[in-house]
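# Structural characterization, general
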Amino acid sequence: MNVTLAVKQYISKMIEISGPGMKVLLMDKETTSIVSVVYTQSEILQKEVYLFERIDSQNRDNMKHLKAICFLRPTKENVEHLIQELRRPKYSVYFIYFSNVISKSEIKALAEADEQEVVAEVQEFYGDFIAVNPHLFSLNLQGVTRGRSWEPSMLARCTQGLTSVLLALKKCPMIRYQLSSDMSKRLAESVKQIITKEYELFDFRKTEVPPLLLILDRSDDAITPLLNQWTYQAMVHELLGLNNNRIDLSRVPGISKDLREVVLSAENDEFYANNLYLNFGEIGTNIKNLMEDFQKKKPKGQQKLESISDMKAFVDNYPQFKKMSGTVSKHVTVVGELSRLVSERQLMEVSEVEQELACQNDHSSAQQNVRRLLQNPRVSELDAVRLVMLYALRYERHSSSILSSLMDELSRRGVSERHRRMVQAVVEYGGKRIRGSDLITPTDAVSITKQFFKGLKGVENVYTQHQPLLHDTLDQMIKGRLKDSQFPYLGASSLRDRPQDILVFMIGGATYEEALTVYNLNRSTPGVRIVLGGSNIHNTKSFLEEVMSATGHSSSSSSSSRAHGGGFHSSRR
């Protein structure tokens, strides 16, 4: 159950099938992202792929000495681009791979366009999703809902994305969905329809315990995406924004030209892989160790290069040193910028109050702390608004709620009307009326004591008390206690054994905090393998965009967008 490995294997297979010789990789906007997240350009160059082109690019040169590997989503636009390409081929031979199921009629149209017989292969390779971490995938879709209903094109894209993950992992699952969400049921039915229609593709060897697909709705837990984060990957996304593993650092004061955009990929950055899920305090220590290690290995200025063997040793070590130097400067810059933002925005104080709002049940203390921070000019507009949102969700029906007074406080601070409207939008999106589950449980004496002891263990725990609702849902599911009345099975059958392979999909987007939960559950529960996916991976800003489009407060909507088996019969993998 490793989505990164699944996509990497597909791409390696494509390149392998095309045989030796120089190649061009022809992609569309989305498959470019799918490939770039799992492979670096230099890794693909080693496989004799010397050129990367977009199928929709008008000004490509004729290069008949190159073989073309086309990896495309099976959209009408891409099929049309391919038809034009095959009528006037720019390369010697074409190996065509679609990232999902392609219709027979479109295959026929391509065959008719291939008058010069340049197509050697047409296959379906199911890499129709972004493999973010081995146990986390995204479809990079923003604004999937309109009110409580699907944006139609988004339902189709989520169905394709989910079925392609199932095919890539070779799973034919039983499906459970969140009953309180009509959208969850619609997606469950849509996925089931494809499994039934393409039953030959899903004819995998039966396992003793069938895999499970669980479909959830983001609106059941609107608290998790609103919290500041303290583990490396989550924190980078929250404060700097991770987009297909890339971070834009161009706004960082005094940034050098070569660090304006950096890539953070656990696949080829050992430091990042080892620190992904560690908290900010540990990362600081590890950065210091990385620096010290680097200083020791750094070639001395007056290193004598007297003999040939001295020079050879220097040259042999230089690429490794250069790579290490790049890693050090990148992480020192990223952690330095995170540190600056934490201090400038007083995020430790803000986060402590956020955690209190999310995890504890002391209205008197909560209202005082929120007021105090709203009056602090160093707290940013976004952080002020998110505190009020968390208060609104937490104490929505409290008899002494001071929400209107906090809204007045935001106005006095000069918070924009758009940000103020978001408070109401978040309650509309994920308030008590909407939630199917008990997101906020009354805190009893035992759990208060637990939290008290938790707080004593070390300061970091104050900032990481919160567990996403997903943790509880999965925990119940693994123990066989998840209620059928809240999460029914689609169809008559149900699972009697403890589940082993679980695929969770979050409509409206997942978060890195939930990915951390899944990572920890995978480590602590032998025999259970969980993969988490979402229509997107949110930080607070992107989540609020999602909320605004779902509640009709936003006019902007953005859309994003087989392999068991040449020539012209489409084969499946």
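Look up a bit, the structure's there.
Fair warning: this is a prediction, and the values are worked out from it, not measured in the lab.

Take the pattern of salt bridges next. Pairing of side chains with opposite charge becomes possible as their charged atoms draw close. For the coordinates displayed, the defined rule picks out 27 salt bridges. A salt bridge links D56 to R54; the shortest N-O distance between them is 3.0 Å. We classify D56 as partly exposed; its relative accessible area is 32%. Taking the shortest distance from any N to any O, the salt bridge between R218 and E514 comes out at 2.8 Å. Of this pair, R218 sits in the loop between β11 (212-217) and α8 (232-239) while E514 sits in helix α20 (residues 512-524); the two residues are 296 residues apart in sequence, bridging distant segments of the chain. On the basis of relative accessibility, which here comes to 0%, the residue R218 falls in the buried class. Each member of the salt-bridge network shares a partner with another, and the members are E238, R345, E354, D383 and R386.

The element strand β17 (residues 529-534) is extensively covered by neighbouring structure, given that 5 of its 6 residues are classed as buried. Sheet topology places strand β15 (residues 501-507) next to β17; 6 bridges connect them, and they run parallel. Considered in β17, the bridge of M506 is made with G534.

Before going further, it helps to examine the pairing of strand β1 (residues 23-27). Where a strand is regular, its side chains alternate between the two sheet faces. Across the 5 residues of β1, 5 count as buried, placing the element largely inside the fold. Burial along β1 is two-sided: the face carrying K23, L25 and M27 and the face carrying V24 and L26 are both buried. Direction of pairing for β1 relative to strand β3 (residues 67-72): parallel, over a ladder of 5 bridges. Paired with L25 across the strands is I69, a residue of β3. The pairing of β1 with strand β2 (residues 49-54) spans 5 bridges and is parallel. Among the inter-strand pairings, K23 is bridged to a residue of β2, identified as V49.

In this section: the packing of helix α12 (residues 347-359) against helix α14 (residues 381-394). Helix-helix packing is characterised by the crossing angle of the two axes and by the distance between the axes. Running from N to C, α12 and α14 cross one another at 10°; their axes reach a closest spacing of 9 Å. The orientation of α12 relative to α14 falls into the category roughly parallel. Contacts between α12 and α14 pair L347, V350, V353, E354, L357 and A358 from the former with D383, R386, L387, L390, Y391 and R394 from the latter. Taken together, the residues that form the contact of α12 with α14 break down as 8 nonpolar, no polar and 4 charged.

Viewed as axis vectors pointing N to C, helix α13 (residues 363-374) and helix α15 (residues 403-413) meet at an angle of 10°, and their least axial separation amounts to 10 Å. It follows that α13 is roughly parallel to α15 by the angle criterion. Contacts between α13 and α15 involve V370, R371, L373 and L374 on the former and, on the latter, S405, L406, E409, L410 and R413. Each residue belonging to the contact of α13 with α15 can be placed in one class, and the counts come to 5 nonpolar, 1 polar and 3 charged.

Time to look at the sheet that holds β17. Across the sheet, which stays open at both edges, the 6 strands sit in the order β6-β7-β17-β15-β11-β10 with mixed pairing between neighbours. With one partner strand each, in any of the chains shown, β6 (130-133) and β10 (174-177) form the two edges of the open sheet. Between one strand axis and the next, the sheet turns through 25° on average, direction left out of account. Alignment of β11 against β15, held across 6 bridges, turns out to be parallel. When the bridges of β15 are listed, L214 appears paired with V504.

Rules used in this analysis
- Residues numbered from 1 in each chain as written.
- Predicted model: local features only at pLDDT ≥ 70, side-chain atom pairs only at ≥ 80, totals over all residues.
- Heavy atoms only, no water.
- Salt bridge = Lys/Arg side-chain N within 4 Å of Asp/Glu carboxyl O.
- Buried < 20%, exposed > 50% of the residue type's maximum accessible area, 1.4 Å probe, protein only.
- Helix = DSSP H or I, 4+ residues; strand = E, 2+ residues; numbered from the N terminus.
- Pairing = 2+ DSSP bridges.
- Axes fitted to C-alpha atoms, helices over the stretch in contact; angles between N-to-C directions.
- Parallel < 35°, antiparallel > 145°, perpendicular 65-115°, else oblique.
- Contact = heavy atoms within 4.5 Å.
- Nonpolar A, V, L, I, M, F, W, Y, C, P; charged D, E, K, R; others polar.

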